[in-house]
Structures are given as C-alpha cells and as structure tokens.
Amino acid sequence: MGYKVAVAGATGNVGREMLDILAERRFPVSEVVALASSRSIGTEVSFGDKILKCRHLDTYDFSDTDICLMSAGGDVAREWAPRIGAKGCVVIDNSSAWRMDPDVPLVVPEVNADAAAGFTKKHIIANPNCSTAQLVVALKPLHDAAKIKRVVVSTYQSVSGAGKEGMDELFSQTRSVFVSDPLESKKFPKRIAFNLIPQIDVFMEDGFTKEEWKMVVETKKILDPKIKLVATCVRVPVFIGHSEAINIEFENPLSPEEARNILREAPGVLVIDKHEPGGYITPHEAAGEDATYISRIRDDPTVENGLVLWCVSDNLRKGAALNAVQIAEVLANRKLITPKQKAA
Ligand SMILES: NC(=O)c1ccc[n+]([C@@H]2O[C@H](COP(=O)([O-])OP(=O)(O)OC[C@H]3O[C@@H](n4cnc5c(N)ncnc54)[C@H](OP(=O)(O)O)[C@@H]3O)[C@@H](O)[C@H]2O)c1
C-alpha cells in the first residue's frame, strides 16, 4: 500500500520533473494524479512508463489524497495550499508563498530534515528557492565544521528558473539573432540571448531584488539565523543549471583540503575539483543530475578564515522537484503520515 500523490502544476518544468523523480526513486505510490489549470485538462504527461491525463486543480477532491506536490506558482499556492491542507493532504509547495510563514517548515532534507515534522500546524511544507537549496547543501557541512560568520554569493541562474516561458524566450531570441528577426522580450526585463541580466524577481526598497532577499532569509531559516549573507542574483543564457560563486568567512580556520574532505563525505554533494583545464563542473554537466557539485575550493586570502568555491546544481531537480520528493520521502520513511487508504 502506498500514498496517493497529486502533482499540481504537472505540465510545468518542475511538475514534469516531479513526475519523473517520483518514478525514478520509486516513491511508494498507490496512485499519482496530474493536476494543472483549465488550459491543460486532458493534456498527457508521463509518469514512468504510464501516461496520465491532466485534471483541473479547481475541481479535484483532495479528501483521499495524502500528498500534494505543488509547483503552480505563488498565487495558486496562496489560495489552494490551505484548502488542500484542510482536507488532511500535506502540501509540499515550490513557490515562495509559504516559505517564511512561521507555522510552515522550510526544508532541505540534507540540512534540516527534522523540521519536516512541523508540518502539522498547516499541513504545508515549503521548498526553498532554487538558489538557496543548493547553497545550503554546500554550506551545512562547512558550517558544522568551522561555523560560518558571513557569506557573499553571486549567482548565475538558468532561464528554466523562470518556468517554461523563460526557456521559450531564450530559445526564440537565440533563433531570432541567427535569422536577423526582431527580438521580443516578454518574460525577462531585457534581452537574455547572448546577454545576462542582473535582476531576478522585483526590486525592493533597499535596491536588492526579491530573489537576493529570499536567499538571505531562507538561508537563515533553514541553516542558522546568525549567518550574515549578501547575494547578487544574475540570470544567464543557460537553459538548465544554476551556478554560484560563494565566498565564505568562518569563525574557525578551515583549509581548502579539509573543506574538500568534508564536502566529499557530505550528503547530496559531489566534489569535482582538479586544478587543470576543465577540472570543474559547469551547468551543462549538472543538468539532469541530482547532486550539488562543488569545484574550485580555494583559500580567500583577504579575510582571516575564508574560502571561495564554485557550486552548480540542476535547479529543476535539487532546486525544486528532487527536494520536494525528498521531503515526501522524509514524511514516508519517518512515518510522519500514513496512507489514508490504509488507515480507512
Ligand atoms: N523552475 C525552477 O527552477 C523553480 C525552482 C524552485 C521553485 N520553482 C517554483 O515552482 C513553480 C512552478 O515553476 P515552473 O518552472 O514549473 O513553472 P512553469 O513551467 O511555468 O509551470 C507552471 C505550472 O503551473 C500550472 N498552473 C499555472 N496556473 C495554474 C492555475 N491557476 N491552476 C492550476 N495550475 C496552474 C501550469 O499549468 P498550465 O500548463 O495548465 O498553465 C503549469 O503546470 C513556481 O512557483 C516557481 O517559482 C521553480
């Protein structure tokens, strides 16, 4: 007997990846239901070797569903997550709508799996922003070893982080450049093809963007509120895979070699760090993979205890779908929820 799982946003970048990952990792399901907007009723999506026909989120009855993996945007999550939760179905949401709610755990299983047990207040668990997820996976083992004081991070984020419309815009603009057609920017504020954009999400009053703010507050909530962090988030013309250049200042000394050994043992991390041309990971190589890759670990000579490193991960997997399925695995493995059909 397994869990009845609904995937809300099943036609999207993250939703399709969720269906793949549920099948790949053989999550114990009794049934999987694909949900999307009215635009997609009847649209076929794959789940392992099966084809599912999408149903309309608005008319689906969640009473006998155990888990809803949701990736349908903030507005949908704000409206629907509490309603679904009230039916006793645990929502694992990928949007930013619930992340900072004190009654909603924000979980990256490699870092704070225990927090998942706090889902009972609202029956909602939040998945962090894609750039935060890979960052905290990299930081956690180093924080345990030498206590992080301050982090400076610059991101190089792929267009798939802006959904399927973001990917379409990079594709069509790139094509337009080659055939000398006029370029149209709808999803991004400036041209993304053969360019990059130092703005992700909206501007806040202090001049930071909301994406940069999210990285600060989410890292504090997941890892440690005492860590100081400043971020610059940049959209780059890469389809899948977010990269981050991370400067870390520690309370205690930690050599690059020690950090390399610690990270080699860390859950979810793969270290590829050869000091030779190509001895590091790029987003193209991380796409489709589960790991958070760490390369270019070196000493920061400008501070007393500092390291610099390069971190790359598939934003649709660890940054979203994989993390959500891992949270569902925590709920199942720790028996925090029981399948309703079994209980009945
Ligand atoms: N992409 C990433 O790297 C990433 C990482 C972390 C978190 N997230 C978050 O995950 C969410 C989805 O991202 P995405 O990249 O998968 O976007 P996407 O490719 O644009 O897909 C959006 C999905 O939401 C569905 N949807 C939209 N409006 C809906 C409605 N009113 N009712 C039901 N379903 C609705 C869409 O269905 P239709 O096809 O029917 O329109 C589609 O399945 C967003 O909140 C995003 O911030 C994304």
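First, a word on what this report is: a plain description of the structure on this page. From a predicted model like this one, the values you see are computed outputs, not experimental measurements.

### A few points about helix H6 (residues 210–222)
For step 1, the next point in the chain: Between its first and last C-alpha, H6 extends 18 Å over 13 residues, near the 18 Å set by a 1.5 Å rise per residue.
For step 2, the next point in the chain: Buried within H6 we find Glu 211, Glu 212, Lys 214, Met 215, Val 216, Val 217, Glu 218, Thr 219 and Ile 222.
For step 3, the next point in the chain: The inward-facing, buried residues of H6 contact helix H3 (109–112), helix H4 (130–146), strand S9 (148–157), strand S10 (228–235) and strand S11 (242–250).

### Let's talk about the pairing of strand S13 (residues 292–299)
For step 1, the next point in the chain: Two elements, strand S12 (residues 269–271) and S13, share three bridges in a ladder whose sense is parallel. Across the sheet, the residue bridging to Leu 270 is Tyr 293, located in S13.
For step 2, the next point in the chain: Here S13 runs beside strand S14 (residues 306–313); their pairing, made up of six bridges, is antiparallel. Paired with Thr 292 across the two strands is Ser 313, which belongs to S14.
For step 3, the next point in the chain: Between S13 and S14, which pair antiparallel and follow one another directly, the connecting turn spans six residues.

### Details of unusual backbone geometry
For step 1, the next point in the chain: Positive phi is not limited to glycine here, since Ser 180 has a value of about 55 degrees.
For step 2, the next point in the chain: Relative to the helices and strands, Ser 180 resides in the loop between helix H5 (163–179) and H6.
For step 3, the next point in the chain: The class for Ser 180 is exposed, based on a relative accessible area of 65%.
For step 4, the next point in the chain: At Asp 201, a position not held by glycine, the phi torsion is positive, near 70 degrees.
For step 5, the next point in the chain: With respect to the secondary-structure elements, Asp 201 resides in the loop between H5 and H6.
For step 6, the next point in the chain: You can call Asp 201 partly exposed: its relative accessible area is 34%.

### Focus: the site of the ligand
For step 1, the next point in the chain: Near the ligand you find 26 residues, and of these Thr 11, Val 14, Ser 37, Arg 39 and Ser 40 are the closest.
For step 2, the next point in the chain: Here an oxygen atom of the ligand sits 2.5 Å away from a polar atom, N or O, in the side chain of Ser 37.
For step 3, the next point in the chain: In this structure, Ser 40 approaches the ligand through a side-chain N or O atom, which is 2.5 Å from an oxygen atom.
For step 4, the next point in the chain: Burial of the ligand by the protein amounts to 81% of the accessible area it has alone, namely 910 Å².
For step 5, the next point in the chain: Considering only residue class, the shell around the ligand consists of nine nonpolar, 15 polar and two charged.

Rules used throughout
Numbers given for residues are sequential positions, taken from 1 along each chain in its written order. At least 70 in pLDDT is required for a residue's local features to be given in this predicted model, at least 80 for side-chain atom pairs to be given and counted, and no such filter applies to totals for whole chains, interfaces and linings, which use all residues. With hydrogens and water stripped out, all remaining heavy atoms of the structure feed into the side-chain values. By the criteria applied, helices consist of DSSP H or I runs no shorter than four residues and strands consist of E runs no shorter than two, each listed in order from the N terminus. For a helix, the expected span equals 1.5 Å multiplied by the number of residues minus one. Burial status follows relative accessibility: with a 1.4 Å probe on protein chains alone, a residue under 20% of its type maximum counts as buried, one over 50% as exposed, and anything between as partly exposed. Only heavy atoms enter the contact rule, under which two residues are in contact if any of them lie within 4.5 Å. Pairing between two strands is assigned when DSSP locates at least 2 bridges connecting them. Any residue with at least one heavy atom within 4 Å of a molecule or strand is counted as near it. Polar contacts here mean pairs of N or O atoms no more than 3.5 Å apart (in protein, one a potential hydrogen donor and the other a potential acceptor; neighbouring residues in sequence count only if both atoms are side-chain atoms). In short, Shrake-Rupley with a 1.4 Å probe defines the accessible areas, and a residue's cover is counted only from the protein chains shown. For this scheme, ten residues count as nonpolar: Ala, Val, Leu, Ile, Met, Phe, Trp, Tyr, Cys and Pro. Four count as charged, namely Asp, Glu, Lys and Arg, and the remainder, Gly too, count as polar.

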